[in-house]
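Fold and contact review
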Amino acid sequence: MKNTTSLLRQLLLSSGLTLGMSLFAADPEPRVVTPGTAGAPPSDAIVLFDGHDLSAWKSEGGGEPKWKVANGYAEVSGGGILTKQQFGAIQLHIEWASPAEVKGEGQGRGNSGVYFQGRYEIQVLDSYQNKTYPNGQASAFYLHSAPLVNACRKPGEWQTYDIVFHPPKPGADGKVAAGSFTVLHNGVLVQDHVPVTGDATVAAKFSGATPTGPLMLQDHGNPVHYRNIWVRPLE
Ligand code: MG
């Protein structure tokens, strides 16, 4: 049923139809909590970006990433970027900041995203006093699951995602066993082992359940900053 609903959402979105408020507004608005502080990579982590170079990444369109790297962070520019390495189940730590200068509203304010296996998006958005549909706000599993609470910091402030991802697994019988997302936003639990059923989110680079795939960071046209990105493969 969940699968059918998600597929319907994607079909409606890709065909450009308006969903009205029925699907987007189905979840209640997450309450606001104030987060604490963040941390650094553990000894067994694969560091994907330490603030100095994007050598672990390639551009969505091929070639070197076009993102600007300076002052210990990378700024979204010229297309999304994908890791050269493929990952299955992982623990991911990533830090991001939406633009300090607030422009736009809703989905147009500080939009980016972290796509696991290039297909399942945990939304990056300036959700500080910026309303949008709940399953499209910061730390939502985009169009699948709204966050439990809104733990967003102010525009321009560094924020953390700590995410445990298990990919869905295609079985020999053709059925897909659901994977899962568990997400902490600024140390606050926002996704509690929610199912990943195998249907990709919108604007995904790839689709279909697969054992491994790249991480992708989205260019949604907003100059979001990233730093301190590391993963720990699981299993
Ligand atoms: Mg996005």
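What comes next concerns the included structure. (Residues numbered from 1 in each chain as written. Predicted model: local features only at pLDDT ≥ 70, side-chain atom pairs only at ≥ 80, totals over all residues. Heavy atoms only, no water.)

**Remarks on the overall build of the protein**
Scanning the protein from terminus to terminus reveals 1 helix and 17 strands. Of all 235 residues assigned to the protein, the portion counted as buried reaches 50%. Sequence-distant contacts in the protein: of pairs separated by 6 or more residues, those separated by 24 or more amount to 68%. For the protein, the exposed area adds up to about 10,600 Å²; of that, 55% sits on carbon and sulfur atoms. (Helix = DSSP H or I, 4+ residues; strand = E, 2+ residues; numbered from the N terminus. Buried < 20%, exposed > 50% of the residue type's maximum accessible area, 1.4 Å probe, protein only. Contact = heavy atoms within 4.5 Å. Areas by Shrake-Rupley, 256 points an atom, 1.4 Å probe, with all protein chains shown as cover.)

**Overview of the coordination of the magnesium ion**
Only Asn111 (OD1), Ser112 (O), Glu121 (OE), Gln123 (OE1) and Gln218 (OE1) from the protein coordinate the magnesium ion, and they sit 2.2 to 2.4 Å from it. Between consecutive donors of the magnesium ion, the numbers of intervening residues give the motif N-S-x8-E-x1-Q-x94-Q. Separated by 95 residues along the polypeptide, glutamine 123 in strand β9 (residues 120-124) and glutamine 218 in the loop between β16 (216-217) and β17 (225-233) bring together distant segments of the chain. Using a relative accessible area of 1% as the deciding quantity, one classes glutamine 123 as buried. (Donors = N, O, S within 2.8 Å, 3.2 Å for Na, K, Ca; no water.)

**Focus on the pattern of salt bridges**
With the rule as written, the count across this model stands at 4 salt bridges. Put simply, glutamate 75 and lysine 68 hold a salt bridge, and the shortest N to O gap is 3.2 Å. Note that glutamate 95 is salt-bridged to arginine 227, the shortest N-O span being 2.7 Å. Of this pair, glutamate 95 sits in strand β7 (residues 90-97) while arginine 227 sits in strand β17; the two residues are 132 residues apart in sequence, bridging distant segments of the chain. (Salt bridge = Lys/Arg side-chain N within 4 Å of Asp/Glu carboxyl O.)

**Looking at the sheet that holds β16**
In spatial order, the strands read β3-β6-β16-β8-β9; together these 5 strands make up an open sheet with antiparallel pairing. Edge positions in the sheet fall to β3 (57-59) and β9, since each of these pairs with one other strand and no more. Pairing of strand β8 (residues 112-116) with β9, which is carried by 5 bridges, proceeds in the antiparallel orientation. Each residue of the ladder has a partner; that of glycine 113, found in β9, is glutamine 123. (Pairing = 2+ DSSP bridges.)

**Digging into the side chain of arginine 109**
Along the chain, arginine 109 falls in the loop between β7 and β8. Despite its burial, arginine 109 pairs with no opposite charge; the closest candidate is aspartate 126, at 4.3 Å N-O. At 2.9 Å, the side chain of arginine 109 forms a polar contact with the backbone oxygen of glycine 104. Excluding its chain neighbours within four sequence positions, the residues that come into contact with arginine 109 are Val102, Lys103, Gly104, Leu125, Asp126, Tyr128, Gln129, Asn130 and Asn222. (Lys, Arg positive; Asp, Glu negative; His and termini not counted. Polar contact = N/O pair within 3.5 Å; in protein donor to acceptor, adjacent residues only side chain to side chain.)

**Let's talk about the nonpolar core**
Core analysis: the biggest nonpolar cluster contains 39 residues, and Leu92, Phe116, Phe181, Leu215 and Tyr226 have the highest contact counts within it. At the level of secondary structure, the elements contributing two or more residues to this core comprise β2 (46-49), β7, β8, β9, β11 (159-166), β14 (179-185), β15 (188-196) and β17. Broken down by element, the residue count for this core peaks at 4 residues, all from β7. (Core = buried A, V, L, I, M, F, W, Y, C linked by side-chain atoms within 4.5 Å.)

**Looking at the layout of surface pockets**
Each pocket or cavity is described by its volume, and for the largest pocket that value is around 360 Å³. Partitioning the lining of the largest pocket into residue classes produces 7 nonpolar, 7 polar and 6 charged. If you add up the space inside the second largest pocket, you get close to 170 Å³. In this structure, the second largest pocket is lined by Pro99, Ala100, Glu101, Val102, Lys103, Gly108, Arg109, Gly110, Asp126, Asn222, Pro223 and His225. In the lining of the second largest pocket, the residues fall into 4 nonpolar, 4 polar and 4 charged. (1 Å grid on protein atoms, 1.4 Å probe; cavity = no way out; pocket = protein on both sides within 12 Å on 5 of 7 lines; lining within 4 Å. Points joined across faces, edges and corners; volume = space filled by probe spheres on them. Nonpolar A, V, L, I, M, F, W, Y, C, P; charged D, E, K, R; others polar.)

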